[in-house]
Amino acid sequence: MEAYLDNSATTRCFDEVTDLMVRVMKEDFGNPSSLHTKGMEAERYLRAAKAYFAENLKVREKEIYFTSGGTESNNLAIIGAAMANQRAGKHLITSRIEHPSVENPMQYLEGQGYALTCLPVDEKGVVSLAALKEAVTEETILVSVMYVNNEIGSVQPIDEMARIIHEKNPRTLFHVDAVQAYGKYQIFPKKEGIDLMSISGHKIHGPKGSGVLYVSEKVKIRPILFGGEQQKGLRSGTENVPGIAGIAEAAKLCYQDLDEKVERLYVLKERFAEGIRKLPDVQINGMPVREGAPHIVSVSFAGVKSEVLLHALEEKGIYVSAGSACSSNKPSVSRTLQAIGMKKELLGSTLRFSFSFETREEEIDACIQGLEELLLVLRRYVRR
C-alpha cells in the first residue's frame, strides 16, 4: 500500500476544492477587474474569500491580501514592512530555525544595511524569551518568527513573544509565519498581538500557488510587486481567482470540527511515536508529542543516511522528507537541527514524517513496519 507521510511539504487537494476550482476556471473565468458580468462573477469569489478569512481570523476584510503562497507572503511582509519603516530604525530580529523564505529576505535586508539579530532556541526548538527581550531595542522595527517549525514541529509561545516585543517597543512590528500552523490551530492575530501573518494554501489541502497575508491596518508596508494596482496597490497582478476560491474552500473544510480533527492527528502522532520508540537507536526530536504540532514528527536514525533511508522507504511506497521541501534538494545541513544542538553524527540521519487530516492508521503502521525492516538491512552496511 502507498503511505504518503510528507504532508508538511504539500497536501492533496480536497475533492471539494478541485471541483470548485474547475468550475471557476471553466465557467466563472472572467478577470475580476473587468466591469462586465463575467468580471463581476469572478470578483464575487474574491469578496467571499476575503470575508471568510476576515471572519476566521477575527480581523477586518481590508486587512486580508491574497498572494501566490507562503514565500511571497513572507517576502512581502518582511521586505515591505522593513522598507516602509526604516526611518524608525533598521534593526530586525528573527530566529535560527526559520524557513528559507524568512531567512533569505532577512539576509537580503542585512546586505542593504539593516542590522539583524538571530535568536537562539533550546533543544526543543523553542525561541529564548530572555534573548528576545534583550534583543528588542528602540531601533527594532520588525520581529519575524514562525508559529510552528516546519522540520521538527516545535510551537512558539506567540502571545508571550508579542507581549515582550510590544512592551519593549510598541512601534516594533511582529510578523508570524503561520504556514505550518494555520488549519491546525485557531489563530486570532489581534488577540495574540500579531501585526502581519502568512498563510499558504497547499499546506491545508488547497492549491499550490495560493496564499494569504494578514496586514494590520495600523502597519505601514510597501509593495514589492508593481503593476495594475490590484489589492489597493499592495499586491499588483490579476488575482488568481481559482486559487483564491480554492484556498478559502480548503480553509473552511479544515476548520469544520477542527478540535476533533486535531485530536485525531495527535492520536496518529502518538501511534507513530509509540512504534518509533520500539526501534533500536532512534531519537524523536523536538517537543513532547502533545506539546508539539499535531502533524509533524522528526526522527533521527543512528548509522543510516537520511537520503538512503528516504529512497528505501520510497521503494516501499512510503513517502517522507529529509527536511524542508523548499531546500531538501540542496546538499546542505539543516540549520534547525544545528540550532537545537543535535549531535553531528545525527545531522545527516534525520527524517521528517508529517500527517494530514486524510492520513490513515494503516499508513502509520506500514511506515513503522517498513522502517523496522529497512533499518535491519541498512545498518549491516554501516562502516564500523
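Report follows, based on the coordinates. Model, not experiment: these values are computed from the prediction.

Description of the overall build of the protein
Next up, step 1: Within the protein, the secondary structure is distributed over 12 helices and 12 strands.
Next up, step 2: Taking 384 residues into account, the globule formula puts the C-alpha radius of gyration at 21 Å, and the protein, at 21 Å, falls close to it.
Next up, step 3: Overall, the C-alpha framework of the protein stretches about 65 × 55 × 35 Å when taken along its three principal axes.
Next up, step 4: Residues classed as buried in the protein amount to 58% of the 384 residues present.
Next up, step 5: Relative to all contacts within the protein whose residues are 6 or more apart in sequence, the contacts with residues 24 or more apart total 75%.
Next up, step 6: Entry remark: accessible area of the protein is about 17,000 Å², with carbon and sulfur atoms responsible for 50%.
Next up, step 7: Looking at charge distribution, the protein has the averaged site of its 48 positive side-chain charges lying 4 Å from that of its 51 negative ones.

Some points on the packing of aromatic side chains
Next up, step 1: This model, assessed by the stated rule, comprises 8 aromatic pairs.
Next up, step 2: Summarising the aromatic geometry, the rings of Tyr52 and Phe53 are spaced 5.6 Å apart at their centres and angled 75° between planes, so their arrangement reads as edge-to-face.
Next up, step 3: What makes Tyr52 buried here is its relative accessible area of 17%.
Next up, step 4: Ring centres of Tyr182 and Tyr255 lie 5.1 Å apart, and the angle between their planes is 55°; this geometry places the pair in the tilted category.

Description of the sheet that holds strand 9 (residues 282-285)
Next up, step 1: With antiparallel pairing, the 3 strands of this open sheet are ordered in space as 9-10-12. On the outer flanks of this sheet lie strand 9 and strand 12 (350-354), each paired with one strand and no other. Shown here is a sheet whose adjacent strand axes are inclined to one another by a mean of 30°, direction ignored.
Next up, step 2: Looking at chain direction, strand 10 (residues 296-301) and strand 12 are connected through 5 bridges and run antiparallel. Bridge pairing links Ile296 to Ser354 in strand 12.

Topic: the side chain of Asn74
Next up, step 1: Within the secondary structure, Asn74 sits in helix 3 (residues 70-84).
Next up, step 2: A relative accessible area of 1% places Asn74 in the buried class.
Next up, step 3: A distance of 3.3 Å separates the side chain of Asn74 from the side chain of Asp177, its partner in a polar contact.

Some thoughts on the side chain of Lys203
Next up, step 1: Among the secondary structure elements, Lys203 is positioned in the loop between strand 7 (196-200) and strand 8 (211-215).
Next up, step 2: One buried charged side chain, Lys203, makes no salt bridge at all; its nearest oppositely charged neighbour is Asp6, positioned 8.0 Å away.
Next up, step 3: One polar contact links the side chain of Lys203 to the main-chain carbonyl oxygen of Ser8, over a distance of 2.8 Å.
Next up, step 4: Those residues in contact with Lys203 that sit more than four places away from it in its chain are Ser8, Ala9, Thr11, Val179, Gln180 and Lys184.

So, the environment of Ile276
Next up, step 1: Considering the arrangement of structural elements, one finds Ile276 in helix 9 (residues 258-277).
Next up, step 2: By relative accessible area, Ile276 is classed as buried at 0%.
Next up, step 3: Counting along the chain gives 92 residues from Ile276 to Ile368, while the straight-line C-alpha distance between them is 6.7 Å.

The rules behind the values
Residues numbered from 1 in each chain as written. Predicted model: local features only at pLDDT ≥ 70, side-chain atom pairs only at ≥ 80, totals over all residues. Heavy atoms only, no water. Helix = DSSP H or I, 4+ residues; strand = E, 2+ residues; numbered from the N terminus. Rg over C-alpha atoms; globule rule 2.2 N^0.38 Å. Buried < 20%, exposed > 50% of the residue type's maximum accessible area, 1.4 Å probe, protein only. Contact = heavy atoms within 4.5 Å. Areas by Shrake-Rupley, 256 points an atom, 1.4 Å probe, with all protein chains shown as cover. Lys, Arg positive; Asp, Glu negative; His and termini not counted. Charge placed at Lys NZ, Arg CZ, Asp CG, Glu CD. Phe/Tyr/Trp six-rings, centres within 6.5 Å; stacked < 30°, edge-to-face > 60°. Pairing = 2+ DSSP bridges. Axes fitted to C-alpha atoms, helices over the stretch in contact; angles between N-to-C directions. Polar contact = N/O pair within 3.5 Å; in protein donor to acceptor, adjacent residues only side chain to side chain. Salt bridge = Lys/Arg side-chain N within 4 Å of Asp/Glu carboxyl O.

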